[in-house]
Amino acid sequence: MSPAERRAVIAEYDELGLSSKEIADLLGCSRRTVHRARSKRRAAGDDWTWTGPEPDHAAVARAVAGDPPDGLTPAERHAAIAQCDRLGLPTWVIADRVGCSTQAVYYARAKRAA
């Protein structure tokens, strides 16, 4: 596959909402190659940018209830932490329910506040 063909395929996968890791795994290339292809698209005037998929609300609800599913995505973890914060739970309880460290809770709060 030529570099131009690879960039075209990456653009197609981008528009489907796949992450750089998923695209790299599908094409057998590095994540850096995917990031370079995205940079070239922007430099060529394509103003489209990748956005992460929406969190699965069922997975978030399970995490808030204290039964986080395996493979909780960062977006789902951040959403679960935000919901637990709205409930007024302490940091260690949130970390225990969501299945992460207390530092991850602090990080999610800081990211949300920024």
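Residues numbered from 1 in each chain as written. Predicted model: local features only at pLDDT ≥ 70, side-chain atom pairs only at ≥ 80, totals over all residues. Heavy atoms only, no water.

Points about the overall build of the protein
Formally: Runs of E in the DSSP output that reach at least two residues are strands. Runs of H or I that reach at least four are helices, and both are numbered from the N terminus. Our radius of gyration looks at C-alpha atoms and nothing else; its globule reference is 2.2 Å times the residue count to the power 0.38. Three labels apply to residues, based on accessible area from a 1.4 Å probe with only protein chains included: buried if under 20% of the type maximum, exposed if over 50%, partly exposed otherwise in between. In this analysis, two residues are considered to be in contact whenever any of their non-hydrogen atoms come within 4.5 Å of each other. Per-residue accessibility takes into account occlusion by the displayed protein chains alone, with areas from the Shrake-Rupley method and a 1.4 Å probe. Charge convention: Lys and Arg are scored as positive, Asp and Glu as negative, and His as well as the terminal groups of each chain are ignored. Where a charge lies is defined by one atom per residue type, namely NZ (Lys), CZ (Arg), CG (Asp) and CD (Glu).
Scanning the protein for helices and strands turns up seven helices and zero strands. Across the protein, helices and strands are ordered from the amino to the carboxyl terminus as α-α-α-α-α-α-α. On C-alpha atoms alone, the protein measures out to a radius of gyration of 18 Å, which is more than a quarter above the 13 Å that the 2.2 N^0.38 rule sets for 114 residues. Projected onto its principal axes, the C-alpha coordinates of the protein cover approximately 50 × 30 × 20 Å. Of all 114 residues assigned to the protein, the portion counted as buried reaches 28%. Partitioning the intrachain contacts of the protein with sequence separation of at least 6 by distance along the chain shows that 35% fall at a separation of at least 24. Roughly 7300 Å² of accessible area belongs to the protein as shown, and the carbon and sulfur atoms make up 53% of that amount. Of note, the protein has its 17 positive side-chain charges centred 7 Å away from the centre of its 15 negative side-chain charges.

Digging into the pattern of salt bridges
Definition in use: The term salt bridge refers to a side-chain nitrogen of Lys or Arg lying within 4 Å of a carboxyl oxygen of Asp or Glu.
Applying the stated rule across the entire model yields six salt bridges. The partner of Asp-14 in a salt bridge is Arg-41, and the shortest N-O contact between them spans 3.2 Å. Placement of Asp-14 in helix H1 (residues 3-16) and of Arg-41 in helix H3 (residues 31-43) is noted, with a sequence separation of 27 residues between them. Residue class for Arg-41 comes out buried when judged on its relative accessible area of 13%. Put simply, Arg-109 and Asp-85 hold a salt bridge, and the shortest N to O gap is 2.8 Å. Pair noted here: Arg-109 is in helix H7 (residues 102-113) and Asp-85 is in helix H5 (residues 74-86), with a separation of 24 residues, a long-range link. Judged by its relative accessible area of 24%, Arg-109 falls in the partly exposed class.

Structural notes on the confidence of the model for the protein
Keep this limit in mind: Confidence of the prediction at every residue is given by pLDDT, a number between 0 and 100.
Averaged over every residue, the pLDDT of the protein is 87; the share at 70 or more is 96%. Summarising per-element confidence for the protein, the mean pLDDT is lowest in H1 (84) and highest in helix H6 (residues 91-98) (94).

Some points on H6
Within H6 the residues assigned to the buried category are Thr-91, Val-93, Ile-94, Ala-95 and Val-98. A positive phi of about 85° marks Gly-99, the residue just after H6.

Some details on the nonpolar core
The cut-off we apply is this: Remark: nonpolar core denotes a set of buried residues (Ala, Val, Leu, Ile, Met, Phe, Trp, Tyr, Cys) joined through side-chain atoms within 4.5 Å.
Of all hydrophobic cores here, the largest spans 14 residues; its most connected members are Ala-80, Ile-81, Ile-94, Val-98 and Val-105. When contributions to this core are tallied by element, the ones reaching two or more residues are helix H4 (57-65), H5, H6 and H7. Per element, the largest residue contribution to this core is four residues, and it comes from H4. With residues near it in sequence (within four places) discarded, Ile-94 still touches Ile-81, Cys-84, Asp-85, Leu-89, Val-105 and Arg-109. Within the second largest apolar cluster, six residues are counted, among which are Ile-10, Ile-23, Ala-24 and Cys-29.

What to know about the side chain of Thr-33
Looking at the element boundaries, Thr-33 is found in helix H3. Sequence-distant contacts of Thr-33, defined by excluding residues within four places in its chain, comprise Arg-6 and Ile-10.

Notes on the side chain of Glu-76
Stated formally: In the analysis that follows, any N or O atom pair within 3.5 Å is treated as a polar contact, provided that within protein one partner can donate a hydrogen and the other can accept it, and provided that, for residues neighboring in sequence, both atoms belong to side chains.
Inspection of the secondary structure assignment puts Glu-76 in helix H5. Buried and unpaired, Glu-76 has Arg-77 as its nearest opposite-charge partner, separated by 8.1 Å. A polar atom in the side chain of Glu-76 sits 3.1 Å from the backbone nitrogen of Asp-56. When near neighbours in sequence (up to four residues on either side) are disregarded, Glu-76 contacts Pro-55, Asp-56, Ala-59, Val-60 and Gly-71.

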